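# Structural overview
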Amino acid sequence: CTSCVEGYYPDILRSSCLSCAAGQVIVSSGANGDGCAACIPGRFSPAAGFTVCQECEAGQFSALNETIRCTKCYVGTYSLQGMSECLACSAGTYSVGGVSECTECTAGQMSATNGSSACVECSRGYFSTESKSSACAPC
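Residues numbered from 1 in each chain as written. Predicted model: local features only at pLDDT ≥ 70, side-chain atom pairs only at ≥ 80, totals over all residues. Heavy atoms only, no water.

It is worth spelling out the overall build of the chain at this point. Along the chain, the regular secondary structure elements total zero helices and 16 strands. Here the chain has a C-alpha radius of gyration of 23 Å; the compact-globule value for 139 residues is 14 Å, and the former is much larger. Its C-alpha atoms give the chain principal-axis dimensions of about 85 × 15 × 15 Å. The contacts in the chain between residues at least 6 apart in sequence include a share of 30% that link residues at least 24 apart. By element, 51% of the accessible surface of the chain is carried by carbon and sulfur atoms, the whole surface being about 8000 Å². (Helix = DSSP H or I, 4+ residues; strand = E, 2+ residues; numbered from the N terminus. Rg over C-alpha atoms; globule rule 2.2 N^0.38 Å. Contact = heavy atoms within 4.5 Å. Areas by Shrake-Rupley, 256 points an atom, 1.4 Å probe, with all protein chains shown as cover.)

On to the state of the cysteines. Chemically, a disulfide is nothing more than a covalent bond linking the sulfur atoms of two cysteines. Taken as a whole, this structure holds eight disulfides when the rule is applied. Here Cys-4 pairs with Cys-17 through a disulfide, and the sulfurs are 2.1 Å apart. Between Cys-4 and Cys-17, the disulfide has an S-S torsion of -95° and is therefore left-handed. Note that Cys-4 is positioned in the segment before β1 (9-10) and Cys-17 in strand β2 (residues 17-18), a separation of 13 residues in sequence. Classification of Cys-4 by relative accessible area gives buried; the value is 8%. Across a sulfur-sulfur distance of 2.0 Å, Cys-56 and Cys-70 are joined as a disulfide pair. Sign of the S-S torsion, about -80° for the bond between Cys-56 and Cys-70, identifies this disulfide as left-handed. Placement of Cys-56 in the loop between β6 (54-55) and β7 (60-61) and of Cys-70 in the loop between β7 and β8 (71-72) is noted, with a sequence separation of 14 residues between them. Cys-70 carries the same exposure label as Cys-56, and that label is buried. (Disulfide = S-S within 2.5 Å. Buried < 20%, exposed > 50% of the residue type's maximum accessible area, 1.4 Å probe, protein only.)

Scanning the entire structure with this criterion turns up one salt bridge. Glu-55 is the salt-bridge partner of Arg-43, the closest N and O atoms lying 3.5 Å from each other. A residue pair is termed long-range when its members are at least 10 positions apart, and Arg-43 in strand β5 (residues 43-44) and Glu-55 in strand β6 qualify at 12 residues. Since its relative accessible area comes to 30%, Arg-43 is described here as partly exposed. (Salt bridge = Lys/Arg side-chain N within 4 Å of Asp/Glu carboxyl O.)

In structure tokens, the structure reads:
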């Protein structure tokens, strides 16, 4: 029988050691290894031989099993650590992408829809005195 080092598991005949592909991790390693398991959404494994799937960082996501890297959240969205999708910023906020939280529009600005990439200045004759405004009011 072959004894395998950490990061590898024995083949079915226990005559050689194998590693899991990127996007997978070893279920258990050493002499009694059981093989590979896919990293679930929100987690990834960047290379062969990993024993633990890593969580995506805040501002990133992975939506599929067996991911080898996480994707940066798109403009108008955000995510927390380990998420499988990015969430749209609410009206009154925006993001430039790759962030863990949306930025509030400041007084005098607004964003009317969810998923905004920027705030806009209130038009002439309109105002907003609060931050996080989703509309400007007439003067």
